[in-house]
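Structural characterization, general
Residue strings, one per chain:
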Amino acid sequence: MEVDLIQKYAKYSVPELIKIATKHFNQYIRNRDAGDVCISCRKYKPLQAGHYYSAGHYSALRFNENNVHGQCIRCNMFLSGNLNEYRKNLIHKIGVEEVEKLDNTPRYYKWDRFSLIDIIERYKLKNKDINK
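In a structure, side chains of opposite charge can pair up when their charged atoms sit close to one another. Enumeration over the complete set of coordinates arrives at nine salt bridges. In this structure, K126 and E65 form a salt bridge, with 2.5 Å as the shortest nitrogen-oxygen distance. Separated by 61 residues along the polypeptide, K126 in helix α6 (residues 113-130) and E65 in the loop between β1 (48-51) and β2 (68-71) bring together distant segments of the chain. The structure contains a network of salt bridges with shared partners spanning K8, E121 and K124.

Below is the structure:
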């Protein structure tokens, strides 16, 4: 990792870097799934990046693109993810093998500043590319 990048983010704590990384990652998910309907109900346009395995309880899957898809506010917030429908449609979207990989991923991961800086920069670039 470049020294300039490390210095650029030196003033941020790990929790602050997680927030920044989440902002860029979730924006990528919203951009990626902008033309789709909600992963769970298949009715409404997604406005949020909905995690199948919650970011709060499954830190290892927080930034996993297969774990996060466009989801409407209704399903994500008011139906607690509408997970039965989410899973059914997730299997259809990414395949049973990829869903089983999510199922078998360890729950916890202790994020370090270098991994987070990498995620921030990667998703900044992906967001630029997707918006071209």
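Judged by side-chain polarity, L47, I73, M77, F78 and L79 come together as a nonpolar surface patch covering roughly 520 Å² of accessible area. In this structure, L47 sits in the loop between α2 (14-32) and β1. Since its relative accessible area comes to 53%, L47 is described here as exposed.

Taking 1.5 Å of rise per residue, 18 residues should cover 26 Å, and α6 covers 25 Å from first to last C-alpha, within 8% of that figure. Listing the buried residues of α6 in full gives S115, L116, I117, I119, I120, Y123 and N127. Summarising the contacts, the buried residues of α6 are in contact with α1 (3-8) and α2. The distance from a side-chain oxygen at the start of α6 to the backbone nitrogen of F114 is 2.9 Å, and the residue carrying that oxygen is D112.

A few words now on the packing of aromatic side chains. Within this structure, the stated rule accounts for nine aromatic pairs. On the numbers, 4.5 Å between centres and 70 degrees between planes, the contact of Y109 with W111 is edge-to-face. Classification of W111 by relative accessible area gives buried; the value is 15%. Of the aromatic side chains, those joined through ring pairs into one cluster are F25, Y28, F63, Y109, W111 and Y123. Note that R107 overlies the ring of Y58, its terminal NZ or CZ placed 4.5 Å from the centroid. Directly above the aromatic system of Y28 lies the positively charged group of K126, at a separation of 4.9 Å from the ring centroid.

The rules we used
- Residues numbered from 1 in each chain as written.
- Predicted model: local features only at pLDDT ≥ 70, side-chain atom pairs only at ≥ 80, totals over all residues.
- Heavy atoms only, no water.
- Salt bridge = Lys/Arg side-chain N within 4 Å of Asp/Glu carboxyl O.
- Helix = DSSP H or I, 4+ residues; strand = E, 2+ residues; numbered from the N terminus.
- Patch = residues over 30% accessible without salt bridge, like charges linked within 9 Å, V, L, I, M, F, W, Y side chains within 5 Å.
- Areas by Shrake-Rupley, 256 points an atom, 1.4 Å probe, with all protein chains shown as cover.
- Buried < 20%, exposed > 50% of the residue type's maximum accessible area, 1.4 Å probe, protein only.
- Expected span 1.5 Å × (residues − 1).
- Contact = heavy atoms within 4.5 Å.
- Polar contact = N/O pair within 3.5 Å; in protein donor to acceptor, adjacent residues only side chain to side chain.
- Phe/Tyr/Trp six-rings, centres within 6.5 Å; stacked < 30°, edge-to-face > 60°.
- Lys NZ or Arg CZ within 6 Å of the ring centre and 35° of its normal.

By themselves, these figures tell us nothing about what the structure is for.
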